[in-house]
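Each chain, letter by letter, is given below.
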Amino acid sequence: MAAVMTLEELRAGLAWRKNLDKVFVVLGLVILLTCLGLLALLFLDLVRDGGPRFGWDFLTNFPSRKAERAGILSAWVGTSMIMLVTMLVALPVGVAAAIYLEEYAPKNWFTGIIEINVTNLAGVPSIVYGLLALGLFVYTFGLGQSVLSAGLTLALLILPIVIVATREALRAVPKAIREAAYGLGATRWEVTKDHVLPYSTGGILTGLILGLSRAIGETAPIITIGALSFIAFLPPSPVGPEFPFLNFEWLRSEFTAMPIQIFNWVSRPDQAFQANAAAAAAILLAMTLSMNAIAIWIRYRFRKKINW
Amino acid sequence: MNTTTDIAAPRAETPPALAIVMDERQPARATPAKAVAEKLDFWYGANHALRNINLTIPENQVTALIGPSGCGKSTFLRCFNRMHDLQPETRYAGSITLYPENVNLVGKGVDPIEVRMRIGMVFQKPNPFPKTVFENVAYGLRLRGVNNRTELAERVEKALRGAAIWDEVKDRLGDSALALSGGQMQRLCIARALATEPEILLFDEPTSALDPIATAKIEELITELRSRVTILIVTHNMQQAARVSDFTAFMYLGELVEVDATSKIFTNPSKKATEDYITGRYG
């Protein structure tokens with residue numbers, strides 16, 4: 001039987017096709033390294049500009065009119081508190097919504113509309129969330145320009161991320177496992193709480209942390225609801241010395257946050273404050289990256305434990 | 001035996017006696033029915049998957065369902081524990097009567113969860129929970145409110161012994177079930193189903209994902225189990241049906257073509273279609 005081509009032709013063609021393969025590898029690497037390189041450059045630039053400002057004092061000082069005495073204490077404490085509220089709201093609400101949509105909701109046009117809108121919400125500009133929160137939380141609910149308002153706003157903002165990530169995680173639990181549990185006579189809730197949720201914890205927490213690392217850098221919505229840029233006091237401590245050892249006054253406290261503080265310093269004419277802004281930005285970036293690192297670690301831990 | 005409903009309920013109706021069991025492994029005798037499917041129809045949406053199935057499942061015997069892919073044997077099996085109810089737009093008509101209570105398993109007023117608590121199932125691919133060996137077997141018991149440690153330990157051991165896997169796992173009850181081999185996992189799944197002492201045990205091609213040695217162990221186990229529990233098994237493998245079952249039902253295109261003692265089906269089937277299938281002319 002005659003071959004379609006001679007061996008020489010076959011080899012020439014194969015060499016050409018393998019070259020294409022190499023071209024793609026090189027192209028991909030160049031693009032990837034460019035992106036990573038830009039990020040690294042940005043980070044190094046921030047560290048260099050803010051270099052002299054790094055130190056314990058920078059973390060423990062309140063903002064000040066004098067650049068060399070100014071610190072980010074109220075900013076990082078404010079950011080931490082807001083993140084705490086965001087997490088405590090977004091996790092249960094997002095997970096519950098995802099469980100309902102994934103495990104309970106009947107597949108009909110109503111559920112379809114909800115699903116499309118949840119995905120769309122992820123694309124709504126954050127300033128819109130800010131305006132919504134200003135009207136709803138700050139004025140209508142009377143929560144004021146507080147840590148609570150900011151936390152709730154950012155929770156709304158990351159809710160779609162948490163819901164989508166949770167649904168992915170729930171969906172990754174094999175049907176065979178659900179059937180095994182149903183087959184033993186479990187109810188839907190028992191299947192969810194004993195199996196589906198525990199097995200998807202890794203994915204859910206990863207989604208939550210990625211959501212939080214988006215929220216931590218958000219500026220527009222918290223400016224809109226009225227974050228202050230100069231705060232020389234800390235919110236009351238959430239933990240008290242007396243029973244019940246918890247204190248909720250901090251929720252009503254006025255606040256500032258890292259992005260606000262950075263924005264404020266950047267907009268000042270004095271060069272000395274630019275160094276402060278760079279240092280604070282480097283710290284914010286480090287906070288975000290370490291949150292992502294935690295997400296990766298959690299995912300790795302759970303993957304290792306559960307291997308379908 | 002019964003774990004969900006009142007055992008004291010008197011027999012509502014004597015189950016129909018079956019044809020004489022023709023089996024070299026035991027003397028010929030009449031066997032009472034454990035379950036009887038009558039005029040059973042089933043739909044996935046508009047797809048009429050099962051048509052007018054009439055089949056008697058004899059108590060403490062192994063009944064095999066054979067037939068080509070897509071003939072509805074797994075669909076039929078899953079009617080017995082109402083697994084179809086997990087999917088939307090599925091519908092049953094007719095009845096599967098469970099004796100001695102005379103309950104219609106696919107009846108509208110019957111709770112599918114109650115049915116699943118009485119009828120166990122072993123699936124095609126081993127599907128242990130990613131928990132410890134012990135917790136896998138204990139889960140069904142925990143669902144039934146058994147929380148006493150001693151009782152749990154006793155019942156788990158009994159189930160693992162019953163599934164012929166106790167000796168292999170007794171020292172690693174606290175290890176993840178996912179560390180077991182495929183055959184061990186499947187026997188663990190059988191132990192998990194046995195722990196709650198089901199009245200009928202459904203096997204959906206339990207060895208199709210296993211190697212021949214693991215398969216032989218499962219088949220041996222099925223033969224041992226038949227004295228304690230009524231077994232219904234779907235299999236693609238005709239030799240397997242011949243080896244483990246007392247009765248064999250041949251299904252084709254959603255219908256039950258023929259059911260008889262296994263020895264008769266494989267030596268002298270009365271329908272042409274059955275003969276064609278078991279001699280490998282299609283399927």
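Residues numbered from 1 in each chain as written. Chains lettered and ligands numbered in written order. Predicted model: local features only at pLDDT ≥ 70, side-chain atom pairs only at ≥ 80, totals over all residues.

### Section: the nonpolar core
Counting residues in hydrophobic clusters, the biggest one holds 158 residues, and the most contacted among them are A:Ile158, A:Ala280 and B:Ala191. Top element by residues in this core is helix α6 (residues 147-171) of chain A. It accounts for 17 residues. The residues contacting A:Ile158, other than those within four sequence positions of it, are A:Thr86, A:Ala90, A:Gly211, A:Leu212, A:Arg214 and A:Ala215. (Core = buried A, V, L, I, M, F, W, Y, C linked by C-beta atoms within 7 Å. Buried ≥ 20, exposed ≤ 12 C-beta atoms within 10 Å, placed from the backbone. Helix = DSSP H or I, 4+ residues; strand = E, 2+ residues; numbered from the N terminus. Contact = placed C-beta atoms within 7 Å.)

### What about the packing of helix α8 (residues 188-215) of chain A against helix α11 (residues 271-305) of chain A?
Residues and elements named next belong to chain A. Where α8 meets α11, the axes come as close as 8 Å, and the angle between the chain directions of the two elements is 175°. Relative to α11, the element α8 lies roughly antiparallel. Along its contact with α8, which presents Thr 201, Gly 202, Leu 205, Thr 206, Ile 209, Leu 210, Leu 212 and Ser 213, the element α11 presents Thr 288, Met 291, Asn 292, Ile 294, Ala 295, Ile 298, Arg 299, Arg 301, Phe 302 and Arg 303. Along the lines of polarity and charge, the residues of the contact of α8 with α11 split into nine nonpolar, six polar and three charged. (Axes fitted to C-alpha atoms, helices over the stretch in contact; angles between N-to-C directions. Parallel < 35°, antiparallel > 145°, perpendicular 65-115°, else oblique. Nonpolar A, V, L, I, M, F, W, Y, C, P; charged D, E, K, R; others polar.)

### Here's the deal with the confidence of the model for chain B
All names here are of chain B. Chain-level pLDDT for chain B is 87 on average; 89% of the residues reach the 70-or-more range. Predicted confidence is poor over residues 1-12, with pLDDT under 50, and the contacts of this stretch with residues over four places away or in other chains come to 18 contacts. Contacts from residues 21-28, a stretch scored under 50 in pLDDT, to residues over four places away or in other chains number 13 contacts. Prediction confidence for the complex, expressed as pTM and ipTM, is 0.82 and 0.87 respectively. (pLDDT = per-residue confidence, 0-100.)

### Some remarks on the interface of chain B and chain A
A common way to express how large an interface is: the accessible area buried when the components associate. Contacts between the two partners involve 18 residues from chain B and, on the opposite side, 17 residues from chain A. The set of elements that each furnish at least two residues to the side of chain B that touches chain A consists of α2 (112-118) and α3 (133-143) of chain B. When grouped by side-chain class, the residues that make up the side of chain B that touches chain A number 12 nonpolar, four polar and two charged.

### Here we look at unusual backbone geometry
Residues and elements named next belong to chain B. Along the chain, Tyr 99 connects to Pro 100 via a cis peptide bond; the corresponding omega equals 5°. The phi dihedral of Glu 197 falls on the positive side, at around 50°, and the residue is not glycine. Residue position: Glu 197 is located in the loop between α6 (182-194) and β8 (200-204). Positioned with a positive phi, Glu 205 is a non-glycine residue whose angle comes to about 45°. Looking at the element boundaries, Glu 205 is found in the loop between β8 and α7 (212-225).

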